[in-house]
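# Observations on chain architecture
What follows is each chain in one-letter form.
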Amino acid sequence: MLDLLREQARTTGELVMAFPGLSRFAVMQHLRVLERAGLVVSHYEGRVRVNQLNVVPIRRVYERWVTKYEGHWAGALIALKEQLEEGFGAETRGSQRKKDAGRPKGIERRGRGSKAES
């Protein structure tokens, strides 16, 4: 519902039509909860109730909580990615060394596409 209201203000009837699995009563209950939370603001245009998203509380949550932690978690995820990439590269190199260790001396591993000598 919030996503629909983010796009544009909508009447209660439009929201009811957007959620065919919900009754008009259920949609109105949801709107009431969103209004109490301060996320939706409604007004009447004649007999039609128009609902619109109030972005201020969402923005406050973002500024207070998300921005506070995003730098930390972004850095932590980048560090994890680098560790995994380094570990994967070392693991691949280590497994190749084990394979090469089993070969008799003087016999080198041929790369892909090299032809056997006759």
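From a predicted model like this one, the values you see are computed outputs, not experimental measurements. (Residues numbered from 1 in each chain as written. Predicted model: local features only at pLDDT ≥ 70, side-chain atom pairs only at ≥ 80, totals over all residues. Heavy atoms only, no water.)

## What about the overall build of the protein?
Along the backbone of the protein there are four helices and three strands. Helices and strands appear in the protein in the N-to-C order α-β-α-α-β-β-α. Looking at the protein as a whole, 14% of its 118 residues qualify as buried. Considering only contacts in the protein between residues 6 or more positions apart, those separated by 24 or more positions represent 35%. Summed over its atoms, the accessible surface of the protein is roughly 10,000 Å², and 56% of this surface lies on carbon and sulfur atoms. (Helix = DSSP H or I, 4+ residues; strand = E, 2+ residues; numbered from the N terminus. Buried < 20%, exposed > 50% of the residue type's maximum accessible area, 1.4 Å probe, protein only. Contact = heavy atoms within 4.5 Å. Areas by Shrake-Rupley, 256 points an atom, 1.4 Å probe, with all protein chains shown as cover.)

## Quick look at the sheet that holds strand 1 (residues 10-11)
Taken in spatial order, the three strands make up an open sheet running 1-3-2, and their pairing is antiparallel. At either margin of the open sheet sits one strand with a lone partner, and together these are strand 1 and strand 2 (40-45). Bridge count between strand 1 and strand 3 (residues 48-53): two bridges; the pairing is antiparallel. Opposite T11, over in strand 3, you have V50 as the bridge partner. (Pairing = 2+ DSSP bridges.)

## Comments concerning a nonpolar patch on the surface
Together, V61, Y62, W65, V66, Y69 and W73 make up a nonpolar patch on the protein surface, roughly 590 Å² of accessible area in all. With respect to the helices and strands, Y62 occurs in helix 4 (residues 55-101). You can call Y62 partly exposed: its relative accessible area is 31%. (Patch = residues over 30% accessible without salt bridge, like charges linked within 9 Å, V, L, I, M, F, W, Y side chains within 5 Å. Salt bridge = Lys/Arg side-chain N within 4 Å of Asp/Glu carboxyl O.)

## Describing the confidence of the model for the protein
Looking at the protein as a whole, its pLDDT mean stands at 83, while 75% of the residues score no less than 70. The secondary-structure element of the protein with the lowest mean pLDDT is helix 4, recorded at 78, while strand 1 shows the highest, at 98. Per-residue pLDDT stays below 50 along residues 113-118; that stretch engages in two contacts with residues further than four places along the chain or on separate chains. (pLDDT = per-residue confidence, 0-100.)

## Examining the pairing of strand 3
Here is the key point about a regular strand: its side chains alternate between the two faces of the sheet. Pairing of strand 2 with strand 3, which is carried by six bridges, proceeds in the antiparallel orientation. Within strand 3, the residue paired with S42 across the bridge is N51. Taking the residues that link successive antiparallel strands as the turn, the strand 2-strand 3 hairpin has two residues, and the phi of G46 there is positive, at about 70°.

## Notes on the nonpolar core
Counting ten residues, the largest nonpolar core is built from M1, L5, L15, V16, V27, L31, L34, L39, V40 and L53. Of all the elements in the fold, those that place two or more residues in this core are helix 2 (12-18) and helix 3 (24-36). Considering every element that reaches this core, the biggest residue donor is helix 3, with three residues. Residues contacting L31, with those up to four places away along its chain left out, are M1, T12, L15, V40, R49 and N51. (Core = buried A, V, L, I, M, F, W, Y, C linked by side-chain atoms within 4.5 Å.)

## A short note on the pattern of salt bridges
Under the defined criterion, the tally for this structure stands at four salt bridges. Between R49 and E35 there is a salt bridge, and its shortest N-O distance comes to 2.5 Å. One end of the pair, R49, is in strand 3; the other, E35, is in helix 3, and 14 residues separate them in sequence. By relative accessible area, R49 is classed as partly exposed at 21%. Taking relative accessible area as the criterion, E35 reaches 29% and is therefore assigned partly exposed.

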